Amino acid sequence: MGGTPKPDPVLIGCYPGGAGGCPCPKDLNGDSGVLINFFPGYQCAYPGGACSWDDQDGSLMNIAQTNCPSSAPCPSTGCTCPVDNNGDTGVLINYFTGYQCAYPNGACTWDSSGSLTNIRQGNCPSSAKCGTFTTRPPAPTPTHKPHSPPFPFWPFWFYPWL
């Protein structure tokens, strides 16, 4: 067998618009899109690894992560991190519900209210509401504060030429 080897095909995961997903609108160039990502959920960081749950029914999405409880439904007041299977307290690191569609000139991502999140992508409509997200609990108010830097002029002390 001679000749140039053919590249392996690239598999693309698609969700059927409207069947648990969101229909992709035509982009500003008039092109049709394909739903490539659907984000219903929240994530918590733990010493043993991060856990991701569906924010609607609380089911664990990354089931191979053994420190994660199999169910962590969000109360009506918003999602919070449960104690994990190792007894560790978690920190909420992501709470996002939205969807993403691929187009010939670039992908577009909208949040649960239908607002475009990657606003510099020129082919994307600024608004594309999806009715799938209407029952989402409110986002919680963060309660932690970031650590202060170790030195007053951090990280500039490391660069003497600045």
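The model shown is predicted, which means the values in this text are computed figures rather than measured ones.

### Some points on the overall build of the protein
Right, on to step 1. Within the protein, the regular secondary structure consists of 0 helices and 4 strands.
Right, on to step 2. For the protein, the residues scored as buried account for 30% of the 162 residues in total.
Right, on to step 3. Sequence-distant contacts, at least 24 apart, represent 46% of the contacts inside the protein between residues at least 6 apart.
Right, on to step 4. About 10700 Å² of surface is accessible on the protein, with carbon and sulfur atoms providing 59% of the total.

### Examining the state of the cysteines
Right, on to step 1. Applying the stated criterion across every chain, the model contains 5 disulfides.
Right, on to step 2. There is a disulfide in this structure between Cys51 and Cys68, and the S-S distance comes to 2.1 Å. Between Cys51 and Cys68 the disulfide shows an S-S torsion of about -90°. By sign, it is left-handed. Within this pair, whereas Cys51 is found in strand S2 (residues 51-53), its partner Cys68 is found in the loop between S2 and strand S3 (91-102), the two being separated by 17 residues in sequence.
Right, on to step 3. Judged by its relative accessible area of 5%, Cys68 is buried.

### Thoughts on the pairing of S3
Right, on to step 1. For strand S1 (residues 34-45) and S3, the ladder comprises 11 bridges, and the chain directions are antiparallel. Of the residues in S3, the one forming a bridge with Phe38 is Tyr99.
Right, on to step 2. Pairing between S3 and strand S4 (residues 108-111): 4 bridges, direction antiparallel. Residue Cys101 lies in a different strand from S4, and its bridge partner there is Cys108.
Right, on to step 3. Counting the residues in the hairpin turn of S3 and S4 gives 5 residues, including Gly106, whose phi is positive at 130°.

### Some thoughts on the side chain of Gln100
Right, on to step 1. Tracing the backbone through its elements, the reader meets Gln100 in strand S3.
Right, on to step 2. Take Gln100: its relative accessible area is 18%, and that puts it in the buried class.
Right, on to step 3. A polar side-chain atom of Gln100 sits 2.9 Å from a polar atom in the side chain of Thr109.
Right, on to step 4. In this view, Gln100 contacts Val34, Leu35, Ile36, Asn37, Phe39, Ala107, Cys108 and Thr109; residues no more than four positions away in its chain are not counted.

Reading the values: the criteria
- Residues numbered from 1 in each chain as written.
- Predicted model: local features only at pLDDT ≥ 70, side-chain atom pairs only at ≥ 80, totals over all residues.
- Heavy atoms only, no water.
- Helix = DSSP H or I, 4+ residues; strand = E, 2+ residues; numbered from the N terminus.
- Buried < 20%, exposed > 50% of the residue type's maximum accessible area, 1.4 Å probe, protein only.
- Contact = heavy atoms within 4.5 Å.
- Areas by Shrake-Rupley, 256 points an atom, 1.4 Å probe, with all protein chains shown as cover.
- Disulfide = S-S within 2.5 Å.
- Pairing = 2+ DSSP bridges.
- Polar contact = N/O pair within 3.5 Å; in protein donor to acceptor, adjacent residues only side chain to side chain.

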